[in-house]
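Below, each chain spelled out in residue letters.
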Amino acid sequence: MKCVTPKAVLLSIALLLSSHAYAAPNIQNGKAIDQAKCYACHAKKTGFSNGDMIYTRSDRKVKDYARLKTMVAMCNTELRLDMFPEDEADVVAYLNKQFYKFKP
């Protein structure tokens, strides 16, 4: 019989617990976060009282999926939005589905 080391057991437990972090993004949660934490600021920035216009304007800064992730993370950090990493992923998934349609 083969003996399992304590390190192997701990590694197995850690992998099982971390698998939750790779769950599929929740687009509805992303939409709710966008509406609650992003929309008003973006509406103010565009000057048209429409926060969605920032995503669809011709001179937008987001040109690919990686940049979208970077911008969401930057807003979260700079504006202290208190989103968890999974919340950021949800917002990215929502924005990508609704506006950008980049291939992840």
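Just above sits the structure.
Starting afresh in each chain, residues are numbered from 1 along the sequence in its written order. Owing to the predicted nature of the model, reporting of local features is limited to residues with pLDDT of at least 70; listing and counting of side-chain atom pairs is limited to 80 or more, with chain, interface and lining totals taken over all residues. Think of the side-chain values as coming from all heavy atoms in the structure, minus any hydrogens and water.

1. Topic: the nonpolar core
Counting residues in hydrophobic clusters, the biggest one holds 17 residues, and the most contacted among them are Tyr 55, Leu 68, Val 72, Leu 95 and Tyr 100. Secondary structure elements with two or more residues in this core: helix 2 (27-46), helix 3 (53-56), helix 4 (65-78) and helix 5 (85-100). Among the elements that take part in this core, helix 5 stands out by supplying 6 residues, more than any other. Residue contacts are defined here by distance: any two heavy atoms, one from each residue, within 4.5 Å place the two residues in contact. The contacts of Tyr 100, once residues within four sequence positions are left out, are Tyr 55, Arg 60, Val 62, Leu 68 and Leu 95. The definition of a nonpolar core used throughout is a set of buried Ala, Val, Leu, Ile, Met, Phe, Trp, Tyr and Cys residues joined through side-chain atoms within 4.5 Å. Partly exposed describes any residue whose relative accessible area lies between the buried limit of under 20% and the exposed limit of over 50%, with all areas from a 1.4 Å probe on protein chains only and scaled to the type maximum. For the purposes of this entry, the term helix denotes a DSSP run of H or I that reaches at least four residues, the term strand denotes a run of E that reaches at least two, and both are numbered from the N terminus.

2. Structural notes on the side chain of His 42
By the secondary structure assignment, His 42 is in helix 2. For His 42, a relative accessible area of 12% puts it in the buried group. Among residues more than four places away in sequence, those in contact with His 42 are Gly 51, Ile 54 and Tyr 55.

3. Things to note about the environment of Asp 52
In this fold, Asp 52 is placed in the loop between helix 2 and helix 3. Each C-alpha atom, one on Asp 52 and one on Tyr 39, is 7.0 Å from the other, the two residues being 13 residues apart in sequence.

4. Some words on unusual backbone geometry
With a phi angle near 50°, Arg 80 is a residue other than glycine that sits in the positive phi range. Examined against the element boundaries, Arg 80 turns out to sit in the loop between helix 4 and helix 5.

5. What about the packing of aromatic side chains?
Aromatic pairs are defined between Phe, Tyr and Trp rings, using the six-membered ring for Trp, whenever the two ring centres lie within 6.5 Å; interplanar angles under 30 degrees are classed as stacked, those over 60 as edge-to-face, and all others as tilted. Enumeration according to the criterion identifies 4 aromatic pairs in this entry. Ring geometry for Tyr 55 versus Phe 99: centroids 4.7 Å apart, planes at 35°, classification tilted. Placement of Tyr 55 in helix 3 and of Phe 99 in helix 5 is noted, with a sequence separation of 44 residues between them. When the centroid spacing of 6.3 Å and the interplanar angle of 85° are considered together, the rings of Tyr 94 and Phe 99 count as edge-to-face.

6. Considerations on the state of the cysteines
Note on disulfides: each one is a pair of cysteine sulfur atoms within 2.5 Å. The full count for this structure, using the stated rule, is 0 disulfides. Cys 41 takes part in no disulfide bond, and the closest cysteine sulfur, belonging to Cys 75, lies 7.0 Å away. Under the relative-accessibility criterion, Cys 41 is labelled partly exposed at 34%. With no disulfide of its own, Cys 75 lies closest to Cys 38 among cysteine sulfurs, the gap being 6.8 Å.

7. Some thoughts on the side chain of Asp 90
Looking at where Asp 90 falls in the secondary structure, it is placed in helix 5. Although Asp 90 is buried, it makes no salt bridge; Lys 37 carries the closest opposite charge, 11 Å away. In contact with Asp 90, other than residues within four places in its own chain, are Pro 25, Asn 26, Asn 29 and Gly 30. His residues and chain termini do not enter the charge count, which takes Lys and Arg as positive and Asp and Glu as negative. Here, a salt bridge means any side-chain nitrogen of Lys or Arg that lies within 4 Å of a carboxyl oxygen of Asp or Glu.

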